[in-house]
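Observations on the three-dimensional arrangement
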Amino acid sequence: MTVTDPRDTDPRDTDPRDTDPRDTDPRDTDPRDTDPREEGRRRDVPTATYRLQVTAEHTLDDAASLAGYLADLGVSHAYTSPLLRAAAGSTHGYDTVDHAHVDESRGGREGFDRLVAALHEHGLGLVLDLVPNHMGVGDPAEAPWWWDVLQHGRDSVHAAAFDVDWDAGAGRVRIPVLGSADDVEKLEVVDGPDGSELRYHDHRFPIAPGTGEGSPQEVHDRQHYELVDWRRADRDLNYRRFFAINTLAGLRVEDPEVFRATHELVLRLVADGAVDGLRIDHPDGLASPAGYLDRLAEATGGRWTVVEKILEPGEDLPESWRTAGTTGYDALAEVDDVLVDPAGEPALTALDTELSGAPVDYAELVRRSKREVTDGILGSEVARLVRVIGELPGVDVDTEEEALAELLASFPVYRTYLPDGREHLDATVAAVRERRPDLTAAVDALHPVLSRAGTEAATRFEQTSGPVMAKGVEDSAYYRWARFVVLNEVGGDPARFGSTVAQFHEAQRRRAERRPRSMTTLTTHDTKRSEDTRARLAVLAEVPDEWAQLVRGWLERHPLPDRPLAHLMWQNLVGAWPLSRDRAHAYAEKAAREAGTSTTWTDPDEEFEAALHALVDAAYDDPTTNAEVERFVARIAPSGRSNSLSQKLLQLTVPGVPDVYQGTELWDLSLVDPDNRRPVDHDLRRRLLARLDEGWVPPVDAEGAAKLLVVSRTLRTRREHREWFAGYEPVAATGSAAGHVVAFDRGSGEEGGAVTVATRLPVGLADAGGWGDTALQLPNGAWRDLLTGDRFVSDAAGLPVDPLLERLPVALLVRN
């Protein structure tokens, strides 16, 4: 049996990691006349999107059957995962193998046309996820370009499409598929559909013309590729990959011909009116994201486009980028943070210190985790940087590589886009000089080399720093520091324990001013936990002492050598409870191997993993533990639901284009993928929506219809009254519980607009006796809650919050 490196699988399957038009930019509107057959359908900027994961099990026809429901829900656009032909068996579509076709297993071009027709029939548009950075090469026979490159080497007509360092491989592409170096003896030459092929188990490879004579090993030695031990991927690969995924080869879309060939079908779909907007996957992998976005904007007529760019707190997109904004991880962090109680930090930090054996320096943990990446799974990329830079005066090669690794590990953001972000490079150089004086000469020599925008050395450093950050932080540090896992989310900062209402308002004002058409989100196919799981776990910050006492008891009864990992597990179990035993065990295995502290993907520790699975089983089988879990979940679940409704209304109404991830219009207590890609019961959602449309105002209970009410009423209002969401102004609260409400008016001018009101820190609110004399300082007059239909009056004392939030913890007000 072939020994395969688990990193050869896309992280979106089993190992998830593993973003200028201004307000007045005319490119924000469709330059073409609206087709009269699409009356009522807005093709400039969506009012809201609904993300659909299209797979062989949930096809384009299944998506088409949802068009009526999505229109009733209130979105303006469906938003699909990638649809171009992907690797066989792909569950996500991010491994495109042929850009000229819609994936047949998902329904093909015919299914795509039926989806578009169904959407148009209901007045909806389509946003398509596009993957320009890489393509799938796991099975060369599926990827015609890659097959041709392997067959003809540098002379292939597609050689320029891939980022291969031919000189490093002596003219050959190294492919890490062998179980060991000795497995070269297991190669066979067989007859394939188009001639002789080289085979290794079920792996197929082409044979260059005129090189097929002799033993399989002799034939192999004549090819433009070299099959090597999979373990050499960490050091000896000579083609750029997506992160450390050997089966995803980087594309050079900076080449105009490569851009044209990879985008021809999608641009035709845009021109034909089938695709109305684009989501660009992993722009940080591109040589020049700004150049790519310029070319894309010109080719699409400035169609609405967002980029999957993860911003660190306080970081902004370069102003020059021709994009509406990001896919929303920045907004996710802002919404989450305002619902976290900073008062819980000391107790949870003390618990984490107790379990870890010493205080955790998170910044140092991140640096060490990133160094493991530079010295391990991305060692090939660091080695290529050394080759590109060449010799530095007075610096030996080993010191040069060590200095590069330290700079990458210390970088505070995913990457620069020189000259944008130069300050991050300068600050990193200064930090490494201070921490590692032995590297001063090397770092000083590297600084000017890495600062020259557009050079190969500077560009490759930029393309490498992002993957180092993603693998070191999202896929390592987030699993190692378990102080409070709500904060361990893509785009978040685990060291920042919550935010104030004033900080939240300031962030939304910035978004309204800088990127008002950016996407906002709470859950994606890549989030570590779904929005409702995080909302429930946020309650822990309000009851930290009670939580700590429970955790200590559980660890005493069910010890695990890795106590921080045990704490992470108990948080996730409580957050997603009740969940099936299989789901819990799958998460435990993934979390432990991602953390890499006690077991790993490539070298699993069977004894440790057995103890870990015993801990999971104890949550179900130990009577005392199970009863405590059930009681505690029952205790915090109502407050978690309050948080869920608050964060959802905030996300749906802050500046930007809100996205609803499939199924999350009801409660969705999911963990990291593949758990967050389970099938969605849309029939149930249809039935509940029909009841709501009959006038039912549901209770906030386990069924989740209250969330569907919030989602549908808010989305419909945004679609039908864009003018109510044109500005942003905080609404002040007065009274004893003023700190427990977040409120803002989205209107502009004297007329005002929709006013959002959301509860925060519900446990503390209840402990203080409720809203009391708390009031919102709104203009005098009558107001109506669009969620419940109830009417209220604001006078000189304001609008009382207690009656306003009697039925739901949130309200969406308009002047009556």
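Chains are numbered independently. Their residues run from 1 in the order of the written sequence. Since the coordinates come from a predicted model, pLDDT governs what is reported: local features require at least 70, and pairs of side-chain atoms require 80 or more to be given and counted, while whole-chain, interface and lining totals use all residues. Computation of side-chain values covers all heavy atoms of the structure but excludes hydrogens and water.

Let's talk about the overall build of the chain
Where we set the bar: Elements are defined by DSSP. Helices are runs of H or I of four residues or more, strands are runs of E of two residues or more, and each kind is numbered from the N terminus. The globule rule is 2.2 Å times the number of residues to the power 0.38, and the radius of gyration it is compared with is taken over C-alpha atoms. Each residue is placed in one exposure class: buried if its accessible area under a 1.4 Å probe, protein chains only, is under 20% of its type's maximum, exposed if it is over 50%, and partly exposed if it falls in between. Throughout, the Shrake-Rupley method with a 1.4 Å probe supplies accessible areas, and for residues the shown protein chains are the sole cover considered. In this tally, Lys and Arg are treated as positive and Asp and Glu as negative; His is ignored, and so are the chain termini. For charged residues, the charge sits on one atom: NZ in Lys, CZ in Arg, CG in Asp, CD in Glu.
The helix and strand tally for the chain stands at 27 helices and 27 strands. The C-alpha atoms of the chain give a radius of gyration of 27 Å, which matches the 28 Å a tight globule of 816 residues would have. Along the first, second and third principal axes, the C-alpha set of the chain runs to 90 × 70 × 50 Å. Residues counted as buried form 63% of the 816 residues belonging to the chain. Carbon and sulfur atoms provide 49% of the accessible area of the chain, an area that totals close to 28,900 Å². Separation between the mean location of the 91 positive side-chain charges and that of the 144 negative ones in the chain comes to 3 Å.

Here we look at the packing of helix H12 (residues 379–389) against helix H16 (residues 456–480)
Relative orientation and spacing of two packed helices are given, respectively, by the angle between their axes and the distance between those axes. Put simply, the test is: For every element, the axis is a line fit to its C-alpha atoms; helices are fit only across the contacting stretch, and the angle between N-to-C directions ranges from 0 to 180 degrees. By the definition adopted for this analysis, an angle is roughly parallel if under 35 degrees, roughly antiparallel if over 145, roughly perpendicular if from 65 to 115, and oblique otherwise. Any two residues whose heavy atoms approach within 4.5 Å are treated as being in contact. In this classification, Asp, Glu, Lys and Arg are treated as charged, Ala, Val, Leu, Ile, Met, Phe, Trp, Tyr, Cys and Pro as nonpolar, and every other residue, Gly included, as polar.
One can describe the packing of H12 onto H16 by two numbers: an axis separation of 9 Å at closest approach and a directional angle of 170 degrees. As the angle between them shows, H12 and H16 are arranged roughly antiparallel. Residues Glu-381, Arg-384, Leu-385, Val-388 and Ile-389 of H12 lie in contact with H16, whose contacting residues are Glu-456, Ala-457, Arg-460, Phe-461 and Thr-464. Residues of the contact of H12 with H16, tallied by class, amount to five nonpolar, one polar and four charged.

Re the sheet that holds strand S23 (residues 775–776)
Cut-off, in case you're wondering: We treat two strands as partners when DSSP finds at least two bridges between them.
Taken in spatial order, the three strands of this open sheet run S20-S23-S26, and their pairing is antiparallel. Edge positions in the open sheet fall to strand S20 (733–734) and strand S26 (799–800), since each of these has one partner strand only. Across two bridges, S23 lies against S26 in antiparallel orientation. Across the sheet, the residue bridging to Ala-775 is Pro-800, located in S26.

Examining the nonpolar core
To be explicit about the condition: The nonpolar core is taken to be a set of buried Ala, Val, Leu, Ile, Met, Phe, Trp, Tyr and Cys residues, with the residues joined through side-chain atoms within 4.5 Å.
Membership of the largest hydrophobic core comes to 116 residues, with the highest contact counts inside it found for Phe-112 and Phe-162. Those residues in contact with Phe-112 that lie beyond four places of it in its chain are Leu-60, Leu-83, Val-102, Leu-126, Leu-269, Ala-274 and Val-275. With 71 residues, the next largest nonpolar core counts Leu-355, Met-569, Trp-570 and Phe-632 among its residues.

Topic: the packing of aromatic side chains
Heads up, the rule is: Side-chain rings of Phe, Tyr and Trp, where Trp is taken by its six-membered ring, are said to pair if the distance between their centres is within 6.5 Å; with planes under 30 degrees apart they count as stacked, over 60 as edge-to-face, and otherwise as tilted.
Taken as a whole, this structure holds 15 aromatic pairs when the rule is applied. Taking 5.7 Å as the distance between ring centres and 75 degrees as the angle between the ring planes, the aromatic pair formed by Phe-411 and Phe-461 counts as edge-to-face. Here the residue Phe-411 occupies a position in the loop between helix H13 (397–410) and helix H14 (422–435), and Phe-461 occupies one in helix H16, the gap between them amounting to 50 residues. Pair check on accessibility: Phe-411 and Phe-461 agree, each one buried. Consider the rings of Phe-504 and Phe-744, whose centres lie 6.4 Å apart with planes at 40 degrees: the pair is tilted. Taken as a pair, Phe-504 in helix H17 (residues 501–514) and Phe-744 in strand S21 (residues 741–745) lie far apart in primary sequence, 240 residues in all.

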